[in-house]
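An overview of the molecular structure
Given next are the chains, with one letter for each unit.
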Amino acid sequence: MKSILIFLLLVLLSQSCFSQNNSAYFNGTTGYIEVPSNDLLNFTTEFTIEAWIKLDNITGTQAIVHKGWCGISDHSYSLAVADGKITHSWNADGNCNFSSGAQTVNAVIIPARCTHIAVVHGTSQISFYVDGVLVPSTITAGSVTGIHASQEPFRIGIYKFLSGSLGFPVFGEVDEL
């Protein structure tokens with residue numbers, strides 16, 4: 001069952017937003033994808049998350065992916081765009097009081113433009129790439145650590161707040177995640 005869900009997710013997001021118009025479109029209010037918890041999505045040391053995105057606007061925060069929930073001390077990692085900057089947060093023990101974060105120094109996302117983004121979470125540094133080019137970034141909180149293995153679902157296009165409500169919706173397309 002787990003393999004089928006991952007396969008379906010990959011098929012859903014497998015077409016480039018440049019060519020086939022098969023990207024996942026999120027309406028900025030209610031649309032998101034939720035994949036049940038799976039150990040294959042629990043990255044605890046080094047990993048890369050990448051996607052093609054085409055956001056209709058870059059105002060505020062839009063959660064590209066989120067694994068975890070602070071309400072039960074089970075936060076793991078997230079990748080988002082906040083006012084045009086790419087952000088990444090993570091937690092070593094699930095407790096959101098001690099989350100770490102990094103972001104690009106400058107706003108690097110342009111509205112309505114298909115852009116390839118990637119975050120590389122290494123053992124000693126976090127790196128961001130835009131269209132294959134390394135961009136300047138900074139640690140905004142905490143330090144580079146390992147990552148808590150969350151039992152929460154993997155969410156695309158939305159973030160789960162401490163209260164359990166959902167927010168930071170994506171308004172645009174996500175492809176080839």
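See the structure shown above.
Small disclaimer: the values here were computed from a predicted structure and weren't measured. Residue indices begin from 1 for each chain and proceed along its sequence in written order. Two thresholds apply to this predicted model, a pLDDT of at least 70 for residue-level local features and 80 or more for giving and counting side-chain atom pairs, whereas whole-chain, interface and lining totals are computed over all residues. Derived side-chain values reflect all non-hydrogen atoms in the structure, with water molecules and hydrogen atoms excluded from consideration.

1. Let's talk about the nonpolar core
The line we're drawing: Here, the term nonpolar core denotes a set of buried Ala, Val, Leu, Ile, Met, Phe, Trp, Tyr and Cys residues that are joined through side-chain atoms within 4.5 Å. Buried means the residue's accessible area, taken with a 1.4 Å probe over protein chains only, is under 20% of the maximum for its type, while exposed means over 50%, and partly exposed covers the values in between. Labels follow the DSSP assignment, with helices taken as runs of H or I lasting at least four residues and strands as runs of E lasting at least two, numbered in each case from the N terminus. The contact rule is simple, with two residues in contact once any of their heavy atoms fall within 4.5 Å.
In terms of nonpolar packing, the biggest core is built from 33 residues, with Ile53, Ile64, Tyr77, Leu79, Ile86, Ile109 and Val174 touching the most fellow members. Ranked by residue count, the leading element in this core is strand S3 (residues 47–55), at five residues. When near neighbours in sequence (up to four residues on either side) are disregarded, tyrosine 77 contacts Leu41, Phe43, Phe47, Ile49, His66, Lys67, His88, Ser89, Trp90, Ile147 and Phe154.

2. Here we look at the sheet that holds strand S8 (residues 115–121)
As a reminder of what qualifies: Strands pair, by our definition, only if DSSP identifies at least two bridges between them. Lines fitted to the C-alpha atoms define the axes, with helices restricted to the stretch that makes contact. Angles between their N-to-C directions range from 0 to 180 degrees.
Across the sheet, six strands lie side by side as S1-S15-S3-S8-S9-S10; this open sheet has antiparallel pairing. The two strands at the open ends of the sheet, each matched to only one other strand, are strand S1 (24–27) and strand S10 (133–135). When the angles between neighbouring strand axes are averaged without regard to direction, this sheet yields 30 degrees. Note: S3 against S8, seven bridges, orientation antiparallel. Bridge pairing in S8 places isoleucine 49 opposite valine 119.

3. Observations concerning the sheet that holds strand S2 (residues 33–35)
Pairing within the open sheet is antiparallel, and its seven strands lie in the order S2-S12-S4-S5-S6-S7-S11. The strands lining the two open edges of the sheet, one partner per strand, are S2 and strand S11 (137–141). Across the sheet, the mean angle separating the axes of adjacent strands is 20 degrees when strand polarity is ignored. Pairing of strand S7 (residues 100–104) with S11 involves four bridges; the strand directions are antiparallel. Following the sheet pairing, glutamine 103 is matched in S11 by threonine 138.

4. Focus: the packing of aromatic side chains
Counted only if it meets this: Pairing of aromatic side chains requires ring centres within 6.5 Å, counting the rings of Phe and Tyr and the six-membered ring of Trp. Pairs whose planes differ by under 30 degrees are stacked, by over 60 edge-to-face, and all others tilted. Both a distance and an angle decide whether a charge sits over a ring: NZ of Lys or CZ of Arg must be within 6 Å of the ring centre and within 35 degrees of the ring normal.
Within the structure shown, the criterion is met by seven aromatic pairs. Ring centres of phenylalanine 43 and tyrosine 77 lie 5.5 Å apart, and the angle between their planes is 40 degrees; this geometry places the pair in the tilted category. Residue phenylalanine 43 is located in the loop between S2 and S3, and its partner tyrosine 77 is located in strand S5 (residues 77–82); the two are separated by 34 residues in the primary sequence. What makes tyrosine 77 buried here is its relative accessible area of 0%. Members of the aromatic cluster, connected to one another through ring pairs, are Phe43, Phe47, Tyr77 and Phe154. Looking at lysine 160, its charged tip hangs above the ring of tryptophan 69, at a distance of 3.8 Å from the centre.

5. Observations concerning the environment of cysteine 70
In this structure, cysteine 70 sits in the loop between strand S4 (61–67) and S5. The exposure class assigned to cysteine 70 is buried, which follows from its relative accessible area of 15%. C-alpha separation for the pair cysteine 70 and glycine 94, spaced 24 residues apart in sequence, amounts to 7.1 Å. Setting aside residues no more than four positions away along its own chain, cysteine 70 makes contact with His75, Cys96, Tyr159 and Leu162.

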